[in-house]
Amino acid sequence: MPMEMAEMVLRVHLDAGPFQSGVDRGRWRLIGISWPHVLIAVSAAERPGAPSEYAFRFECTGYPKMPPTAQPWSEAGDAALPHDRWPAGRHRVPAAFNPHWKSGEALYLPCDRLAIDGHDPWVTQHPSLIWSPQRDITQYVHVVYELLNSSDYSGLRRP
Amino acid sequence: MVERDEIEVFVQGEGILEIVLVRVLRTGTVRDIVMAARGVGATAADGAALFMEEEDSVIDLDMPIAATPIKHRSRIHVHRCRRVTVTVAFNGVQKVEAFPSAATIKRVKRWAVGNRGFNLSDVDAAEHVLQVSGSSDRPDEDVHVGTLVGHPPCSVSFDLVPKIRVEG
């Protein structure tokens, strides 16, 4: 079956400077692609009992015109990450990683396709976090990386 | 796949909006890197000089790559501005400092939140970010400050702003 244009564009972006710059710094790594899903591991600041990275499954239908949507993923189990293994924090982190919102199928971030739906005020409240079709998936991955390496991040929800 | 006689180099600089990853022959010259960057859409101007990341020592474009510090996956910067004047505003106060054009935003922020800047606590520093004045652009910490300026004026202004929880 011929590769969709969206998948071709995504693969080009994953090989390009912005994404590879983060790979080279050890900030994130590509685990694999099973279109329309791409699995990416994002490194996290060291916290007691917490992993050094979290995997996220990005669903990329319509990429890059449409933003991806992402959920924490168990690489070993190839399934959604159990809620007690999600990242926790004090303010910004638990707001973004909320397993009780949409049953944990998306992150509560303005750059997420499911989350932006119905949140028009975010366009003016969080313009730097709004998905831009002129950029690439690195913009979403970087938002996740920033949260997991912030002083707000405290480790696992239930270590 | 990178061939054995090739290296990949991350390039940023004047007119280069995103980090570009170019591939050149190990046996080539520094100028080949600049030409490769142009080949993938970068618009580094004639007369631009080449620097290693965080450095302001010019690397001669006609030197063989093998005779320079440039290695596989090195980070370089191409610009006509050797140094950039940075102004940061926070709580109604402005601080000014000059940086190499190839300095990263991470380095600029470290100065802005440090004791020569606004002297923020570690927690407060981690919860603030540099935003280009008059825009919503918050450059990633890997971005070279020179990519944000033209020649002239070789200067840029930021606001130091808090990271806000997403809610609503």
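Structure's up top.
The paragraphs below set out a description of the structure included in this document. Counting restarts for each chain, with residues numbered from 1 along the sequence as it is written. For this description, chains carry letters from A and ligands carry numbers from 1, given in the order in which they are written. Only residues with pLDDT of at least 70 are given local features in this predicted model, and only at 80 or more are side-chain atom pairs given and counted; all residues enter the totals for whole chains, interfaces and linings. Side-chain measures were taken over the full set of non-hydrogen atoms in the model, leaving aside hydrogen atoms and water.

1. Side note on the overall build of chain B
Tallying secondary structure elements over chain B gives three helices and eight strands in all. By the criteria applied, helices consist of DSSP H or I runs no shorter than four residues and strands consist of E runs no shorter than two, each listed in order from the N terminus. Along chain B, from the amino end to the carboxyl end, the secondary structure elements read β-β-α-β-β-β-β-α-α-β-β. Seen through its principal axes, chain B has C-alpha atoms that stretch 50 × 35 × 25 Å. Three exposure classes are used, based on accessible area relative to the maximum for each residue type with a 1.4 Å probe and protein chains only: buried under 20%, partly exposed in between, and exposed over 50%. Within chain B, the proportion of its 168 residues that are buried is 51%. For chain B, the accessible area works out to roughly 8,200 Å², and carbon and sulfur atoms hold 50% of it. Of note, chain B has its 20 positive side-chain charges centred 3 Å away from the centre of its 24 negative side-chain charges. For the area figures, the Shrake-Rupley method with a 1.4 Å probe applies, and any residue is considered shielded solely by the protein chains shown. We count Lys and Arg on the positive side and Asp and Glu on the negative side, and we leave His and both chain ends out. For the purpose of locating charges, the reference atoms are NZ of Lys, CZ of Arg, CG of Asp and CD of Glu.

2. A word on the interface of chain A and chain B
Counting residues at the interface gives 29 residues for chain A and 22 residues for chain B. Here's the idea: put two parts together, see how much 1.4 Å probe accessible area each one loses, and the total over both is what we call buried area. On the chain A side of the contact with chain B, D24(A), R25(A) and R92(A) bury the most area, a combined 21% of that side's loss. Think of a salt bridge as a Lys or Arg side-chain nitrogen and an Asp or Glu carboxyl oxygen that are within 4 Å of each other. Seen at the junction of chain A and chain B, the total is eight salt bridges. One salt bridge in this structure joins D142(B) and R25(A), with 3.0 Å as the shortest N-O distance. Polar contact is defined as a pair of N or O atoms within 3.5 Å, subject to the rule that within protein one atom must be able to donate a hydrogen and the other to accept it, and that residues adjacent in sequence are counted only when both atoms are side-chain atoms. Taken together, the connections running from chain A to chain B amount to 13 residue pairs in polar contact (both at pLDDT 80 or more). Looking at which element gives the most residues to the side of chain A that touches chain B, the answer is helix α2 (residues 17–24) of chain A, with five residues. The nonpolar class holds Ala, Val, Leu, Ile, Met, Phe, Trp, Tyr, Cys and Pro. Asp, Glu, Lys and Arg form the charged class, and all remaining residues, Gly among them, are polar. Residue composition of the side of chain A that touches chain B, by class: nine nonpolar, eleven polar and nine charged. In this analysis, two residues are considered to be in contact whenever any of their non-hydrogen atoms come within 4.5 Å of each other.

3. A word on the packing of aromatic side chains
All names here are of chain A. Any Phe, Tyr or Trp ring, taking Trp's six-membered ring, that has another such ring centre within 6.5 Å forms a pair; planes under 30 degrees apart are called stacked, those over 60 apart edge-to-face, and the others tilted. For the structure shown, the criterion picks out ten aromatic pairs over all chains. Judged by centre distance (5.9 Å) and plane angle (80°), the rings of W28 and Y145 are edge-to-face. Residue W28 is found in strand β1 (residues 28–34), and its partner Y145 is found in helix α6 (residues 138–148); the two are separated by 117 residues along the sequence. For the pair formed by W28 and Y145, the shared burial category is buried. Measuring from ring centre to ring centre gives 5.1 Å for F58 and Y140, while their planes differ by 85°; the resulting arrangement is edge-to-face. Taken together, the residues F58 in strand β3 (residues 53–59) and Y140 in helix α6 connect sequence positions 82 residues apart. By relative accessible area, F58 is classed as buried at 0%.

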